[in-house]
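# Architecture at a glance
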Amino acid sequence: MPLTQLDPTAALIVIDLQKGIVGIPTVHPSAEIVARSAQLARAFRERGFPVVLVNVTAVAPGRTDAGLRKFSFPPDWTELVPELEQQPGDTLVSKQRVGAFLGTSLDEVLRQRGVSQVFLAGISTSAGVESTGRSAYDLGYNVVFVVDAMTDRDADAHRYCVEKMFPRLGETDTTEKVLKLLRG
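Residues numbered from 1 in each chain as written. Predicted model: local features only at pLDDT ≥ 70, side-chain atom pairs only at ≥ 80, totals over all residues. Heavy atoms only, no water.

### Some points on the sheet that holds strand β2 (residues 51-56)
Hydrogen bonds between backbone groups are what pair the strands of a sheet, and the pairing can be parallel or antiparallel. Taken in spatial order, the six strands make up an open sheet running β3-β2-β1-β4-β5-β6, and their pairing is parallel. This sheet does not close on itself; its edge strands, each paired only once, are β3 (91-95) and β6 (171-173). Within the sheet, the average angular offset between the axes of one strand and its neighbour, ignoring direction, is 25°. Examined bridge by bridge, strand β1 (residues 10-15) and β2 share four bridges and lie parallel to one another. The partner of isoleucine 15 across the bridge, within β2, is valine 54. (Pairing = 2+ DSSP bridges. Helix = DSSP H or I, 4+ residues; strand = E, 2+ residues; numbered from the N terminus. Axes fitted to C-alpha atoms, helices over the stretch in contact; angles between N-to-C directions.)

So this is what it looks like as structure tokens:
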């Protein structure tokens, strides 16, 4: 369902657009995802809306069938890509889980700012974006998935999230339409 309205206080949450992740091969070129996310961040800032930039600094501690990672992360792995033009007023959330809410102060930060609607973009669709969207929905936020500002390593997982899961958790739309509504 396309975006129906813009709440009085909305926030953009950009998931894991950091040096160590944007270099991983994805279904859609990560440079395009970064460019669209940067456009969204500029528009949210111009509107006076909060921008939350999320990076992942560790993996969740639980056991998985995939096993433990067998490589070490380079020193700049967690650094946000410069194209996001991080501003002093942006909120940085460093997470150690898949989603940006669990184990962080994100919900508290958004509530203090009166946010009722969150827009999600980033990498990866089926992990960080979906997990953050599920938590936001469960916490009572109006969720908007900006589907052309996200990508995944797996085409089927990306498509499944966009077509089947996201419509159950919120609204979906494109960068162009969100920008148009923000600049109204």
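Past the structure itself, the notes keep going.
### Let's talk about the side chain of threonine 151
The topology assignment puts threonine 151 in strand β5 (residues 142-151). Not counting the four nearest positions on each side in its chain, threonine 151 is found in contact with Thr26, Val27, His28, Ile33, Gly122, Ile123, Ser124, Thr125 and His158. (Contact = heavy atoms within 4.5 Å.)

### A short note on the environment of valine 51
Relative to the helices and strands, valine 51 is located in strand β2. For valine 51, a relative accessible area of 1% puts it in the buried group. It is 13 Å that separates the C-alpha atoms of valine 51 and leucine 80, two residues lying 29 residues apart in sequence. Those residues within four positions of valine 51 in sequence are excluded, and the remaining contacts are Leu12, Ala41, Phe44, Arg45, Asp90 and Thr91. (Buried < 20%, exposed > 50% of the residue type's maximum accessible area, 1.4 Å probe, protein only.)

### Side note on the pattern of salt bridges
Taken as a whole and judged by the stated rule, the model has 10 salt bridges. For the salt bridge of arginine 36 with aspartate 148, the shortest nitrogen-to-oxygen distance reads 3.6 Å. Of this pair, arginine 36 sits in helix α2 (residues 30-47) while aspartate 148 sits in strand β5, and the two are 112 residues apart along the sequence. For arginine 36, a relative accessible area of 24% gives the class partly exposed. Residues aspartate 107 and arginine 111 are paired through a salt bridge, measuring 3.0 Å at the closest nitrogen-oxygen approach. (Salt bridge = Lys/Arg side-chain N within 4 Å of Asp/Glu carboxyl O.)

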